[in-house]
Amino acid sequence: MQPATAKWYDRREAVFIEFCIEDSKDVQVKFDKTKLDFSCVGGTDNIKHHNEVELFESIDPNESKHKRTDRSVFCCLKKAEPGKAWPRLTKEKAKLNWLSVDFNNWKDWEDDSDEELNSFDRFSEMMNNMGGEDDLPDVDGADDEESADSDDEKMPDLE
């Protein structure tokens, strides 16, 4: 068994962790007040992965969620004390070779004013919108063959 590679980032209301395992099966995520326990079987080689993280601060295990996709397992850990920054994910300062900061999603939120939708609400909304539907949104006028468009006008001849 080996640990899954993971990236994390901090927000005002929650901490987000993405376990980067493609084609994961038998995903188990256990949220405890001060600990996260993750395990799954993943990849084409069906490798067993297990990660146990003693968290920097307490979370609300009942409000924390996870979502499996084809490429990863995304976890949202709802902070017990919202508004308190986490300088690291783990209780100990030790460097874990499987864990890195997700700099693409990292931002210094401490100086920002309140956002219209907090990160946790956005995550919940994203989770609800995720699904297997291949429906594409309707584009107004896309099927109208006779719609007059400003670029359909005849161009003047060049001199």
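Residues numbered from 1 in each chain as written. Predicted model: local features only at pLDDT ≥ 70, side-chain atom pairs only at ≥ 80, totals over all residues. Heavy atoms only, no water.

Colleague: An account of the sheet that holds strand E6 (residues 65–68) is requested, with residue identities and associated values reported.
Modeller: The five strands are arranged E6-E7-E2-E1-E8 in an open sheet whose pairing can be described as mixed. The sheet is open, and its two edges are formed by E6 and strand E8 (99–101), each paired on a single side. Pairwise comparison of adjacent strand axes, ignoring direction, gives a mean angle of 20° for this sheet. Relative to E8, strand E1 (residues 6–10) runs parallel, the two sharing three bridges. In the sheet register, Ala6 faces E8, and the bridge partner there is Leu99. (Pairing = 2+ DSSP bridges. Helix = DSSP H or I, 4+ residues; strand = E, 2+ residues; numbered from the N terminus. Axes fitted to C-alpha atoms, helices over the stretch in contact; angles between N-to-C directions.)

Colleague: Which residues make up the pairing of strand E3 (residues 25–31), and what are the values?
Modeller: The pairing of E3 with strand E4 (residues 35–42) spans five bridges and is antiparallel. From the neighbouring strand, Gln28 faces E4, where its bridge partner is Ser39. What sits between E3 and E4 in their antiparallel hairpin is a turn of three residues.

Colleague: Mind laying out the pairing of strand E2 (residues 14–19), listing which residues take part and the relevant values?
Modeller: Across the six residues of E2, six count as buried, placing the element largely inside the fold. Of the two faces of E2, the one holding Ala14, Phe16 and Glu18 and the one holding Val15, Ile17 and Phe19 are both buried throughout. The antiparallel pairing of E1 with E2 creates a hairpin that spans three residues between the two strands. One ladder, built from six bridges, connects E2 with strand E7 (residues 73–78); its direction is antiparallel. Counted as the bridge partner of Ala14 is Lys78 from E7. (Buried < 20%, exposed > 50% of the residue type's maximum accessible area, 1.4 Å probe, protein only.)

Colleague: How would you summarise the nonpolar core if you had to cite specific residues and measurements?
Modeller: One finds Ile17, Phe19, Leu36, Leu55, Leu77 and Leu89 to be the most contacted residues of the largest nonpolar core, which totals 22 residues. Only E1, E2, E3, E4 and E7 provide two or more residues apiece to this core. Residues contacting Leu89, with those up to four places away along its chain left out, are Trp8, Val15, Ile17, Val53, Glu54, Leu55, Phe56 and Leu99. (Core = buried A, V, L, I, M, F, W, Y, C linked by side-chain atoms within 4.5 Å. Contact = heavy atoms within 4.5 Å.)

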